[in-house]
Amino acid sequence: MTVFFIGAGPGDPELITVKGQRLIHRCPVIIYAGSLVPAAVLEGHQAEQVVNSAELHLEQIIELMRAAHEKGQDVARVHSGDPSLYGAIGEQIRCLRARGIPFQIIPGVTAVAACAALLETELTLPDIAQSVILTRYADKTTMPAGEAFNSLAQHGTTMAIHLGVNHLERIVTELLPHYGADCPIAVVHRATWPDQDWAIGTLADIAQKVAAKGFRRTALIVVGRVLASDSFSESSLYRAGHAHLYRP
């Protein structure tokens, strides 16, 4: 018996791995995050028990897993995006380890990857940005020492900000000294879902554009010069005259 933490992807039911889909189809117990995972992801399952974890607290979720463990039943624990990012699997894993229940993590397509695809951009461009910071804005959960938003912004590289749309004006204020008012920024609402929408602008005008859209939740903020730059060097990998293992 194994609990499989499965990344269902950002919303489009086709953006799940073959392995994740196969496990959903064969596991007799499915526990899925119904507030973020579309029901279409579960199509084709033959599970005898399907539970929406949005209605449960941690202890109830672990009890379902424990009961399945006693019956020798595999569990498909389905999370949105990739479960290793803001998936709250750490606390579940801690409980499973304490009970001796085996588990595996099946990666998924992240919301950041989905937004980059929608925005038709590469998040790491030569001369522009070679690092991507994935973070969130402090709200109910404080940030650990050294991860203050302003400190991360000082790097000036591509940044993807989760769970921050309701604090957009404050985020812009903290970004401005490090990125400049003309820096491009995008706010993507429910990327890859049928009702996906987005606003693209600069730090100077994005707050007004997002207010006009009415985004309040389930939105990702992406900021950085990569969003609007054609002035970058070509990569060494495909440059003529650059030799490597496959092209002597």
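Data block above holds the structure.
Note that the structure is a prediction, hence the values are computed from the model and not measured.

(A) Seen up close, the overall build of the protein chain. Each helix and strand in the protein chain was counted, giving seven helices and ten strands. Expressed as lengths along the three principal axes of its C-alpha atoms, the size of the protein chain is roughly 60 × 50 × 35 Å. The proportion of buried residues among the 248 residues of the protein chain is 43%. Carbon and sulfur atoms provide 51% of the accessible area of the protein chain, an area that totals close to 13100 Å².

(B) Highlighting unusual backbone geometry. One non-glycine residue, T192, lies in positive phi territory at about 75 degrees. Here T192 is to be found in the loop between β8 (184-189) and β9 (197-202). Judged by relative accessible area, T192 falls into the partly exposed class, the value being 22%. Positive phi outside glycine occurs at T218, with the angle close to 50 degrees. One can find T218 in the loop between α7 (206-213) and β10 (219-223).

(C) Structural detail: helix α3 (residues 89-99). Every buried residue of α3 is listed here: I89, Q92, I93, C95 and L96. The buried residues of α3 occupy one face: seen down the axis, they fall within an arc of 160 degrees. Exposed residues pointing more than 90 degrees away from the buried face of α3 are listed as R94, R97 and A98. In the stretch just after α3, G100 is the one whose phi turns positive, near 70 degrees.

(D) Quick look at the pattern of salt bridges. The full count for this structure, using the stated rule, is seven salt bridges. Measuring nitrogen to oxygen at the nearest pair gives 2.9 Å for the salt bridge that ties D74 to R26. Here R26 lies in helix α1 (residues 18-26) and D74 lies in the loop between α2 (58-71) and β4 (75-79), a separation of 48 residues in the sequence. In this structure D74 comes out as buried when scored by relative accessible area, which is 16%. With its nearest N and O atoms 3.1 Å apart, the salt bridge here joins K213 to D197. Placement of K213 in helix α7 and of D197 in strand β9 is noted, with a sequence separation of 16 residues between them. Where salt bridges share partners, they join E63, R66 and E70 into one cluster.

(E) Seen up close, the packing of aromatic side chains. Applying the stated criterion across every chain, the model contains two aromatic pairs. For the ring pair F5 and F103, a centre distance of 6.2 Å and an interplane angle of 75 degrees mean the geometry is edge-to-face. Of this pair, F5 sits in strand β1 (residues 3-7) while F103 sits in strand β5 (residues 103-106), and the two are 98 residues apart along the sequence. Consider the rings of Y137 and F149, whose centres lie 5.3 Å apart with planes at 75 degrees: the pair is edge-to-face. In this pair, Y137 is assigned in the loop between β6 (132-136) and α5 (149-153) and F149 in helix α5, connecting sequence segments twelve residues apart. Each member of the pair Y137 and F149 is classed as buried. Here the basic side chain of R190 rests over the ring of W193, its NZ or CZ set 4.0 Å away from the ring centre.

Conventions used here
Residues numbered from 1 in each chain as written. Predicted model: local features only at pLDDT ≥ 70, side-chain atom pairs only at ≥ 80, totals over all residues. Heavy atoms only, no water. Helix = DSSP H or I, 4+ residues; strand = E, 2+ residues; numbered from the N terminus. Buried < 20%, exposed > 50% of the residue type's maximum accessible area, 1.4 Å probe, protein only. Areas by Shrake-Rupley, 256 points an atom, 1.4 Å probe, with all protein chains shown as cover. Arc of directions from axis to C-beta. Salt bridge = Lys/Arg side-chain N within 4 Å of Asp/Glu carboxyl O. Phe/Tyr/Trp six-rings, centres within 6.5 Å; stacked < 30°, edge-to-face > 60°. Lys NZ or Arg CZ within 6 Å of the ring centre and 35° of its normal.

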